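Structural overview
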Amino acid sequence: MSITPFTITDTHTHIYYNVHTEKLHQQLQRCFENSVKRLFLPNVDADSVSQVMDTVKLYPDNCFPMLGLHPCSVKNNYREELDRIEKAINEHKIYAIGEIGLDLYWDKSTLEIQKEAFRIQVGWAKSLGLPINIHCREAFDELFELLHELKDEKLFGILHCFTGNLEQAIQAIESGFALGIGGVVTYKKSGLDTVLKEIPIDHIVLETDAPYLAPTPFRGKENESSYIVHIAQKVADIYQLDILDIANITTANSKRIFRI
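Residues numbered from 1 in each chain as written. Predicted model: local features only at pLDDT ≥ 70, side-chain atom pairs only at ≥ 80, totals over all residues. Heavy atoms only, no water.

Notes on the overall build of the protein
Along its length, the protein carries 9 helices and 8 strands. Its C-alpha radius of gyration of 17 Å places the protein within 12% of the 18 Å reference for a compact globule of 260 residues. With respect to the principal axes defined by its C-alpha atoms, the protein has extents near 45 × 40 × 35 Å. Taking all 260 residues of the protein together, the buried fraction comes to 58%. Long-range pairs, those at least 24 residues apart, make up 74% of the contacts in the protein with a sequence separation of at least 6. Summed over all atoms, the accessible surface of the protein reaches about 11,400 Å², with 49% contributed by carbon and sulfur. Within the protein, the 36 negative side-chain charges are centred at a point lying 3 Å from the centre of the 26 positive side-chain charges. (Helix = DSSP H or I, 4+ residues; strand = E, 2+ residues; numbered from the N terminus. Rg over C-alpha atoms; globule rule 2.2 N^0.38 Å. Buried < 20%, exposed > 50% of the residue type's maximum accessible area, 1.4 Å probe, protein only. Contact = heavy atoms within 4.5 Å. Areas by Shrake-Rupley, 256 points an atom, 1.4 Å probe, with all protein chains shown as cover. Lys, Arg positive; Asp, Glu negative; His and termini not counted. Charge placed at Lys NZ, Arg CZ, Asp CG, Glu CD.)

A word on the packing of aromatic side chains
With the rule as written, the count across this model stands at 10 aromatic pairs. Judged by centre distance (3.9 Å) and plane angle (10°), the ring pair of F40 and F258 falls under stacked. One end of the pair, F40, is in strand β2 (residues 36-42); the other, F258, is in helix α9 (residues 243-258), and 218 residues separate them in sequence. No difference in accessibility class separates F40 from F258, as the two residues are buried. Their ring planes at 5° and their centres at 3.8 Å tell us that F218 and Y227 sit as a pair that is stacked. Of the residues examined, Y227 reaches a relative accessible area of 15% and is grouped as buried. An aromatic cluster is defined as three or more aromatic residues linked by ring pairs; in this entry it consists of F40, F64, Y95 and F258. Between the NZ or CZ atom of R137 and the centre of the ring of Y105, over which it lies, the distance is 3.5 Å. Positioned over the ring face of Y187 is R219, at 3.7 Å from the centre of the ring. (Phe/Tyr/Trp six-rings, centres within 6.5 Å; stacked < 30°, edge-to-face > 60°. Lys NZ or Arg CZ within 6 Å of the ring centre and 35° of its normal.)

Description of the nonpolar core
Core analysis: the biggest nonpolar cluster contains 77 residues, and F118 and I132 have the highest contact counts within it. At 8 residues, the largest contribution of residues to this core is made by helix α8 (residues 228-239). Those residues within four positions of F118 in sequence are excluded, and the remaining contacts are I100, G101, I132, I134, L143, L146, L147 and L150. With 11 residues, the next largest nonpolar core counts A96, F156, A178 and V205 among its residues. (Core = buried A, V, L, I, M, F, W, Y, C linked by side-chain atoms within 4.5 Å.)

Side note on the pairing of strand β7 (residues 177-181)
Among the 5 residues that make up β7, 5 are buried, leaving the element largely enclosed by the rest of the structure. Of the two faces of β7, the one lined by F177, L179 and I181 and the one lined by A178 and G180 are each fully buried. Pairing geometry for strand β6 (residues 157-159) and β7, over 3 bridges, is parallel. Residue pairing for β7: I158 is matched across the bridge by A178. (Pairing = 2+ DSSP bridges.)

Some words on the pattern of salt bridges
Scanning all chains against the criterion turns up 10 salt bridges. A salt bridge links E149 to R119, with the shortest nitrogen-to-oxygen separation between them at 2.8 Å. Placement of the pair is E149 in helix α5 (residues 140-150) and R119 in helix α4 (residues 111-128), with a sequence separation of 30 residues. Among the residues examined, R119 registers a relative accessible area of 27% and is labelled partly exposed. The partner of D152 in a salt bridge is K126, with the nearest N and O atoms 3.0 Å apart. Of the two residues, D152 sits in the loop between α5 and β6 while K126 sits in helix α4, which places them 26 residues apart along the sequence. What makes D152 partly exposed here is its relative accessible area of 28%. (Salt bridge = Lys/Arg side-chain N within 4 Å of Asp/Glu carboxyl O.)

What about the environment of N165?
Structurally, the position occupied by N165 is in the loop between β6 and α6 (166-174). Engagement of the side chain of N165 in a polar contact is seen with the backbone nitrogen of E167, the distance being 3.2 Å. (Polar contact = N/O pair within 3.5 Å; in protein donor to acceptor, adjacent residues only side chain to side chain.)

What to know about the sheet that holds β7
With parallel pairing, 5 strands are arranged side by side in an open sheet as β4-β5-β6-β7-β8. Strands with a single pairing partner mark the edges of an open sheet, and in this sheet they are β4 (97-103) and β8 (204-206). Looking at each pair of strands side by side, their axes are set apart by 30° on average, direction ignored. Contacts from α5 reach β4, β5 (132-137), β6 and β7 within the one sheet, and its direction differs from that of β5 by about 150°. (Axes fitted to C-alpha atoms, helices over the stretch in contact; angles between N-to-C directions.)

Overview of the packing of helix α3 (residues 78-91) against α4
The contact between α3 and α4 brings their axes to 11 Å, and the two run at 15°. Taken as axis vectors, α3 and α4 run roughly parallel relative to one another. As for the relative orientation of α3 and α4, their crossing is right-handed in sense. Every residue of α4 that contacts α3 at Y78, R79, L82, I85, E86 and I89 is listed here: I113, E116, A117, I120, Q121, W124 and L128. Considered class by class, the residues forming the contact of α3 with α4 number 9 nonpolar, 1 polar and 3 charged. (Parallel < 35°, antiparallel > 145°, perpendicular 65-115°, else oblique. Left-handed = near helix turned anticlockwise from the far one by under 90°. Nonpolar A, V, L, I, M, F, W, Y, C, P; charged D, E, K, R; others polar.)

Just distances and angles here, no functional claims.
Below is the structure:
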């Protein structure tokens, strides 16, 4: 699928996993051919910071870093990990703290330290005037409780990979967050299309979460950021707008959040 020149923003991609390989350059070339010109990169732990920053050095006009500790990376040594990531934040220009959050799908036993890691990183974001990029899997109730605890005028960002119901969407928006819409919206039984029909488009941004959650027609295969055009087209169908309008509106939304 090739489209006429405009800018689509992928607000969440792990394309940096391919840094120092030809695959990175090939994927970014396909992005540029499909007008995907802005990509925001969240690390997942201290070791992946260098992958993010090396990718940004190669494509400084297109790739923008976020740094944080992913909830699945919150282990007993999480404070050491946070110290390393905070050091990197002090050394680099970043555009969000992320991805951070709660994940009860893989390990419920770490919930309390996940919460503490989240609180610490929200503190970083507030002190730096940055948005946060939230990962939430099977933990909406716990997340919203935390957001209520931490809510003030400095708390804002994106609820990445949103797949919740309308009530959860409204709660996220009222908490100061845009909804990150990815490949799941293209799945027939996701129900996300019916939720979005009730949500004003100025509250959503697009993302891939590549290499995960590839949209239809690539479902089950490795995802990449250029596939965001399929997500954009599905969102265009839902809102009964042209894909050009979706690109322009969601990119403007991302600029408002990331301030770039």
